[in-house]
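Fold and geometry: a report
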Amino acid sequence: MNLILQPGNTRSSAALDYLIESRLIALADRQRIEEAVVRLKDNREGSPRYEASILIRVPGPDIHAVACDHTLRVAVQKALVAVESQVAARQGRRLHRRRELALSVGAHSGRGR
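Worth saying up front: this structure is predicted, and the values here are computed from it rather than measured.

**Digging into the environment of Arg-49**
- For Arg-49, the location among the structural elements is in the loop between β2 (35–42) and β3 (50–57).
- The class for Arg-49 is partly exposed, based on a relative accessible area of 32%.
- For Arg-49 and His-70, which are 21 residues apart along the polypeptide, the C-alpha to C-alpha distance reads 5.2 Å.
- What Arg-49 contacts, discounting residues up to four positions off in sequence, is Lys-41, Asp-42, Asn-43, Arg-44, Asp-69 and His-70.
- Side chain to side chain, Arg-49 and Asp-42 meet in a polar contact 2.7 Å long.

So, in structure tokens, the structure goes:
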């Protein structure tokens with residue numbers, strides 16, 4: 001996995017970098033990740049002030065999440081939760097399709113006897 005962290009107009013701390021890296025590595029155990037791009041923004045005139053954007057390049061459609069909050073850490077955590085839930089939903093759909101396929105194949109093989 002290639003991880004690209006783009007702090008934009010804000011500073012990222014070592015603790016925040018570690019949080020991002022550890023959560024994405026854990027996610028890579030469940031979903032093959034080609035590349036992860038994390039962008040952090042500080043909109044000083046806006047409310048909420050901070051924005052975190054995560055783009056995960058995976059086989060198939062890419063996964064994208066954006067989250068805003070009054071602190072950078074919480075914005076990053078919200079974006080990570082959104083990405084993790086999208087991966088979990090894809091895994092659930094994939095599992096459901098496999099079960100349906102197995103049931104339909106099993107039902108068709110028993111008819112000819």
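**Comments concerning a positive patch on the surface**
- On the surface, a cluster of positive charge is contributed by Arg-93, Arg-94, Arg-97 and Arg-98.
- Inspection of the secondary structure assignment puts Arg-93 in helix α2 (residues 72–109).
- Residue class for Arg-93 comes out partly exposed when judged on its relative accessible area of 47%.

Calculation rules
Residues numbered from 1 in each chain as written. Predicted model: local features only at pLDDT ≥ 70, side-chain atom pairs only at ≥ 80, totals over all residues. Heavy atoms only, no water. Helix = DSSP H or I, 4+ residues; strand = E, 2+ residues; numbered from the N terminus. Buried < 20%, exposed > 50% of the residue type's maximum accessible area, 1.4 Å probe, protein only. Contact = heavy atoms within 4.5 Å. Polar contact = N/O pair within 3.5 Å; in protein donor to acceptor, adjacent residues only side chain to side chain. Patch = residues over 30% accessible without salt bridge, like charges linked within 9 Å, V, L, I, M, F, W, Y side chains within 5 Å. Areas by Shrake-Rupley, 256 points an atom, 1.4 Å probe, with all protein chains shown as cover. Salt bridge = Lys/Arg side-chain N within 4 Å of Asp/Glu carboxyl O. Lys, Arg positive; Asp, Glu negative; His and termini not counted. Charge placed at Lys NZ, Arg CZ, Asp CG, Glu CD.

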